[in-house]
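So you can see what is in the structure, the chains are spelled out below.
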Amino acid sequence: MWLRSSVRVSQTAFSVFKSSFASAATAPKKTKMGPVQDAMRKKLTEQLKPTKLEIEDESYKHRGHRGVAEDDKFAHGETHFNVEIESEAFSGMPMLKRHQLVYQVLDDEMKNFVHALSIKARPPPAALPLASPEDAAK
């Protein structure tokens, strides 16, 4: 009898834990930009003139982490972002230099608001060198 009831309690506790964990990780994405995301978009647009720019706020996935703790400088909630940007400004630059340029543009946000930033920065497809038929044959 004791074994059956403890197994039942354990299964119930696991179900509650599993559902609360799943809901936190799959919370709906914000449709409205916050002030940090808005400032990032404005700076990247003005300074790099991108042909493509996507900024995704993934802060909801990190609730409870240090980056969103209430007593932290990141308490405003916009802390984790993915940036995908295509710009002519990246033409001829290696990946490290492209990332450094994005960090330079977003310097204030990185120092004061953003805890984590994932960057995909590249020149537009038209700016990429085309392979010659001889290169394709190799």
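Residues numbered from 1 in each chain as written. Predicted model: local features only at pLDDT ≥ 70, side-chain atom pairs only at ≥ 80, totals over all residues. Heavy atoms only, no water.

**Remarks on the nonpolar core**
Here comes step 1: By size, the foremost hydrophobic cluster in this structure holds 18 residues, and its most contacted members are Met40, Leu44, Leu48, Val83, Ile85, Val102 and Leu117.
Here comes step 2: Within the residue set of this core, elements represented by two or more residues are helix H2 (35-48), strand E1 (52-57), strand E2 (80-86), helix H3 (95-105) and strand E3 (116-122).
Here comes step 3: Broken down by element, this core gets its largest block of residues, four residues, from H2.
Here comes step 4: Excluding residues that lie within four positions of it along the chain, Met40 makes contacts with Ile55, Phe81, Val83, Leu106, Glu109, Val114 and Leu117. (Core = buried A, V, L, I, M, F, W, Y, C linked by side-chain atoms within 4.5 Å. Buried < 20%, exposed > 50% of the residue type's maximum accessible area, 1.4 Å probe, protein only. Helix = DSSP H or I, 4+ residues; strand = E, 2+ residues; numbered from the N terminus. Contact = heavy atoms within 4.5 Å.)

**Looking at the pattern of salt bridges**
Here comes step 1: Going through the model one piece at a time under the given rule, you end up with six salt bridges.
Here comes step 2: Salt-bridge contacts for Lys52 lead to Glu54; the nearest nitrogen and oxygen are separated by 3.9 Å.
Here comes step 3: Residue classification places Lys52 among the partly exposed positions, given a relative accessible area of 27%.
Here comes step 4: Judged by its relative accessible area of 43%, Glu54 falls in the partly exposed class.
Here comes step 5: The closest approach of N and O atoms between Lys52 and Glu84, which form a salt bridge, is 3.0 Å. Linking Lys52 in strand E1 with Glu84 in strand E2, this pair joins segments that are 32 residues apart in sequence.
Here comes step 6: A single salt-bridge network, built from bridges that share partners, covers Lys52, Glu54, Glu84, Glu86 and Arg122. (Salt bridge = Lys/Arg side-chain N within 4 Å of Asp/Glu carboxyl O.)

**Considering H3**
Here comes step 1: Buried within H3 we find Arg98, His99, Leu101, Val102 and Val105. Down the axis of H3, the buried set is contained in an arc of 155°. They therefore lie on one face. Turned more than 90 degrees away from the buried face of H3, the exposed residues are Leu96 and Gln104.
Here comes step 2: Along its buried surface, H3 packs onto H2, E2, helix H4 (107-112) and E3. (Arc of directions from axis to C-beta.)

**Observations regarding the pairing of E1**
Here comes step 1: Burial along E1 is one-sided: Leu53, Ile55 and Asp57 are buried, and none of Lys52, Glu54 and Glu56, which face the opposite way, are.
Here comes step 2: Here E1 pairs with E2 via six bridges, running antiparallel. Bridging from a neighbouring strand, Glu54 pairs with Glu84 of E2. (Pairing = 2+ DSSP bridges.)

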